[in-house]
Amino acid sequence: MNVIVQDRMSRNPITITETTPILEAGELMRKHNFARLPVVRDGKVVGIITQEDLLKVSPSAATTLSVWELNYVLSKLLVKEAMTKEVVTIEPEATLEEAALLMRSKSIGALPVVKDGKLVGIITESDIFDAFIDLMGLKETGTRLTLDLENRIGVIAEVTEIIKEQGINIISMALFHRENKNGELVLRLDRKDCGSLVDLLNHKGYKVVHVATWA
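Reading the values: rules and limits
Residues numbered from 1 in each chain as written. Predicted model: local features only at pLDDT ≥ 70, side-chain atom pairs only at ≥ 80, totals over all residues. Heavy atoms only, no water. Helix = DSSP H or I, 4+ residues; strand = E, 2+ residues; numbered from the N terminus. Rg over C-alpha atoms; globule rule 2.2 N^0.38 Å. Areas by Shrake-Rupley, 256 points an atom, 1.4 Å probe, with all protein chains shown as cover. Lys, Arg positive; Asp, Glu negative; His and termini not counted. Charge placed at Lys NZ, Arg CZ, Asp CG, Glu CD. Buried < 20%, exposed > 50% of the residue type's maximum accessible area, 1.4 Å probe, protein only. Arc of directions from axis to C-beta. Contact = heavy atoms within 4.5 Å. Polar contact = N/O pair within 3.5 Å; in protein donor to acceptor, adjacent residues only side chain to side chain. Pairing = 2+ DSSP bridges. Axes fitted to C-alpha atoms, helices over the stretch in contact; angles between N-to-C directions.

A description of the overall build of the protein chain should follow, citing residues and the corresponding values.
When helices and strands are tallied, the protein chain shows 7 helices and 9 strands. Taking 2.2 N^0.38 as the reference for a compact globule, 215 residues should give roughly 17 Å; the C-alpha atoms of the protein chain span a radius of gyration of 24 Å, well beyond that estimate. About 13100 Å² of surface is accessible on the protein chain, with carbon and sulfur atoms providing 51% of the total. Mean positive and mean negative side-chain charge positions of the protein chain (26 and 30 charges, respectively) differ by 2 Å.

Report on helix α4 (residues 96-106), specifying residues and quantitative values.
Residue pairs spaced three or four apart in an α-helix point in one direction, given the helix's 3.6 residues per turn. For α4, the complete set of buried residues consists of L96, A99 and M103. Seen from one end, α4 has its buried residues packed into an arc of 60°, which puts them on one side. Those residues of α4 that are exposed and aimed more than 90 degrees away from the buried face are L101, R104 and S105. Packing partners of the buried residues in α4 comprise β4 (110-115), β5 (118-124) and α5 (125-135). Immediately downstream of α4, the backbone of S107 shows phi near 55°, a positive value.

How would you summarise the side chain of E18 if you had to cite specific residues and measurements?
Along the chain, E18 falls in the loop between β1 (10-11) and α1 (22-32). Within the local environment of E18, its side chain forms a polar contact with the side chain of R41, the two groups lying 2.8 Å apart. Discounting residues that sit within four places of it in the chain, E18 has contacts with V39, R41, V46, L78, V79, K80 and M83.

Please set out the pairing of strand β8 (residues 183-189) residue by residue, giving values where relevant.
Of all 7 residues that make up β8, 6 are buried, and the element is covered over most of its length. Relative to β8, strand β6 (residues 142-149) runs antiparallel, the two being bridged by 7 bridges. Bridging across to β8, T146 finds its partner in V186. In this structure, strand β7 (residues 170-177) lies alongside β8, joined through 7 bridges in antiparallel fashion. Counterpart to L175 in the pairing with β8 is L185.

How would you sum up the sheet that holds β8? Please name residues and give values.
If you trace the 4 strands from one edge of the open sheet to the other, you get β7-β8-β6-β9, paired in antiparallel fashion. Across the chains shown, the open sheet's two edge strands, defined by having one partner strand only, are β7 and β9 (207-214). Neighbouring strand axes in the sheet, compared pairwise and without regard to direction, differ in orientation by 15° on average.

So what's going on with the sheet that holds β1? Residues and values would help.
One open sheet accounts for 3 strands, arranged β1-β5-β4; its pairing is antiparallel. Strands at the two margins of the open sheet, each flanked by one partner only, are β1 and β4. In this sheet, β5 lies alongside β1 in antiparallel orientation, the contact comprising 2 bridges. Residue pairing across strands places S10 opposite I122, the latter belonging to β5. Those strands touched by α4 are β4 and β5, and its axis lies near 130° from that of β4.

Given below as structure tokens:
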């Protein structure tokens, strides 16, 4: 799997303009089940509007306006009056790791993807989650092993060599670091019955701390 933004983004996303009525923007979000819409001018991103933004400009339930007056007020409101103008964007060649870190640091759920100043797509937190699921092989059947590993050169190679010698294929592998510099190595293997492998790893001094099978 290529883990860059352009391989996971939604291309040619639905957009709106600054002069789109708020009611129309809200209807588009409801119709397509979107949480946000990029706002463009001549193909360039000038803002982004979310469901939360729409709620901020909508009259509260305690309003004294009649239904007719309420609809009239909302019909006059334009996207430019509610959108976020300082938009965080990303390039299509950026890695998914960069996209994830940017979303997390800015506390946002999506990034418009821009190339040569023009909007070419949008990538959301759901796209990142889907990529993680594929990267970790979560849709395949097998066994998940977690090993407590010391931080030294070659230790992962030693473990994978033992697994190879047992004729077991590794679907995915991830190392989670701890503050004490040791780490937890999480392996997903393409076999359900790994009892003999677990015994062998423990016998050779590699501490298996968790075993789980999944389908």
